[in-house]
Amino acid sequence: MPGTFTYTFDTPSYKGSSTINTGLFINNEWVDPVDGDLIEVVNPATGEVITKVAGGSKADVDKAVEAAKKAYKTIWGLKTPGKARGQLLFKLADLIEKELDDFAALESLNAGKVYEKAKFADIGGAISVFRYYAGWADKIQGKTIETNPTKFAYTRNEPYGVVGQIIPWNFPMSMLAWKIAPAVATGNTVVIKPSEITPLTALKLGEVVKEAGFPPGVINIVNGYGATVGQAIAEHHGIEKLAFTGSALTGRRILKAAAETNLKDVTLELGGKSPTIIFDDADLEQAIKWAAGGIFFNMGQVCSAGSRIFVQEGVYDKFLEHFTAAAKGLGDGAGDPFAPGTQHGPQISQTQFDRIMSYIDSGKEAGARVQVGGERHGDKGFFIKPTVFTDVTPDMKIVREEIFGPVGVVIKFKTEEEVIELANDTTYGLASHLFSENTSRAIRVAHALESGSVWVNCANSLDIAVPFGGYKQSGNGGRELGEYALETYTQVKGVHINLGLKL
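Because the structure is a prediction, the values reported are computed rather than measured. (Residues numbered from 1 in each chain as written. Predicted model: local features only at pLDDT ≥ 70, side-chain atom pairs only at ≥ 80, totals over all residues. Heavy atoms only, no water.)

Asks: When you look at the packing of aromatic side chains in this model, what are you seeing that I'm missing?
Replies: When we look at a pair of aromatic rings, we describe it by the centre distance and by the angle of the planes. Taken as a whole and assessed by the stated rule, the structure comprises 17 aromatic pairs. Relative to Phe 468, the ring of Trp 178 has its centre 5.7 Å away and its plane inclined at 70 degrees; by these criteria the two rings are edge-to-face. Of this pair, Trp 178 sits in helix 5 (residues 172-185) while Phe 468 sits in the loop between strand 21 (453-456) and strand 22 (471-472), and the two are 290 residues apart along the sequence. One exposure class covers both Trp 178 and Phe 468, and it is buried. Following the ring pairs from residue to residue traces out a cluster consisting of Phe 5, Tyr 7, Phe 9, Tyr 14, Tyr 115 and Phe 338. One residue, Lys 397, lies across the ring of Tyr 359, its end atom 5.2 Å from the ring centre. In this structure, Lys 412 is placed above the aromatic ring of Tyr 316, and the distance from its NZ or CZ to the ring centre is 4.9 Å. (Phe/Tyr/Trp six-rings, centres within 6.5 Å; stacked < 30°, edge-to-face > 60°. Helix = DSSP H or I, 4+ residues; strand = E, 2+ residues; numbered from the N terminus. Buried < 20%, exposed > 50% of the residue type's maximum accessible area, 1.4 Å probe, protein only. Lys NZ or Arg CZ within 6 Å of the ring centre and 35° of its normal.)

Asks: Is there a simple way to think about the pairing of strand 15 (residues 308-312) in this case?
Replies: Residues in a regular strand project their side chains so that they alternate between the two faces of the sheet. With five of five residues buried, strand 15 is to be regarded as a mostly interior element. With four bridges joining them, strand 14 (residues 275-278) and strand 15 adopt parallel strand pairing. Bridge pairing links Thr 276 to Ile 309 in strand 15. Handedness of the β-α-β unit built from strand 14, helix 9 (residues 284-296) and strand 15 comes out right-handed. In this structure, strand 15 lies alongside strand 18 (residues 407-413), joined through five bridges in parallel fashion. Across the sheet, Gln 312 pairs through a bridge with Phe 413, a residue of strand 18. (Pairing = 2+ DSSP bridges. Right-handed = clockwise from strand over helix to strand, strands pointing away.)

Asks: Can you walk me through the packing of helix 13 (residues 416-424) against helix 14 (residues 439-448) in this structure?
Replies: In helix packing, the relevant descriptors are the interaxial angle and the interaxial distance, both defined with respect to the helix axes. In contact at an axis separation of 10 Å, helix 13 and helix 14 are set at 30 degrees when each is read in the N-to-C sense. Once helix 13 is placed against helix 14, the crossing between them reads as right-handed. Along its contact with helix 13, which presents Glu 416, Ile 420 and Asn 424, the element helix 14 presents Arg 441, Arg 444, Val 445 and Ala 448. For the contact of helix 13 with helix 14, the residue count by class is three nonpolar, one polar and three charged. (Axes fitted to C-alpha atoms, helices over the stretch in contact; angles between N-to-C directions. Left-handed = near helix turned anticlockwise from the far one by under 90°. Contact = heavy atoms within 4.5 Å. Nonpolar A, V, L, I, M, F, W, Y, C, P; charged D, E, K, R; others polar.)

Quick look at the structure:
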């Protein structure tokens, strides 16, 4: 039988104990992996091991898919009315909210997020997503189509069946909600792999799924490595739909695996190298605050982070002065995620820390100027000071490649036409941010930017009701959030009924 893990929090922000199962959640039961693998879970603020959890394999994915398929064929899918599916999602949200502090503490411990931000943004946001799609569950509708007097034609939006989902480590609980909620609301069953780096809130969610009353097999959580569990999900013939959030490199591998097996439908939400554009006529005080949040929020570990900051020449010097001060202030506020006043937490792992530092070193070696930061913070954990580079050139790695850390480059520009070309000069197209008090210019530039989301006079200001996804190599195959996510998890059937045509 799988074990449990109890962690006692005694911090200024939260005091209490949390106990979670450390096994795999398959068919509403906690089970040991077939091969008995264990994965260490590390606290990024200290570098110390928190606990070990079960790591699955292909055999465990097979069991989960079998349970999900049985549930879909017998007790879920179109056999459970949308209203009933919605009621279960509402119940799930209520139970998460009841344990909001516990979920937030686990998220902060495991992912290094500042506790208050984890509580209100990550866990609070996940609760809202579950409730949003609970409301949609009984509103999955097709259309009647006018053809000719002898035919009645209509469409049905039907679930795929078993959906495989693979999520990243930067927003563990948020990504669980983004993936599970629309898939289950539309009648699919789910086999989901959380990141092996941040499994704790996923394991906590498994307990709440069962308590909410979901039938066995509807939601299955299989922790494990990408090369084993992730690969098995991508290749599985019993999975008809796959949704993945992560790197472009892994996204390509998933597409290849899907193409070489059962040609499952695939939705990818991948990386970004998003531009932030500051025009001369921007509200500069607000632009500085938003731009700082746009790159440094969640320690820069955000796929839509505004890491290329283009500033028009008339306000460049003033922007740089105050933006540098903002970055330094965040760095001065780095520390224990549970401590009052902490503003900046650690990177997620030693591997990610080393990767970011290698980009910082490459920028220095290429001749870019470190305006602020550029080094680790403290001597414990995986902390990196918010870093700003200037005097960069378009060919530098820090300008062209996704760093996924608290590193931004500030670039001066002259004209609107110039900055549009610079902003679009990337293989990515996930998001853009622009600041201007000229409404005509803001709309014109927003339409010219090649990205799936554009934020005007704000940055990374997501809304549950608005679709999110990328252009170019930032993704394909559908959108997340909003009504559009329902289309991602349904397939359209056209029905033709003869009303009297004779042969």
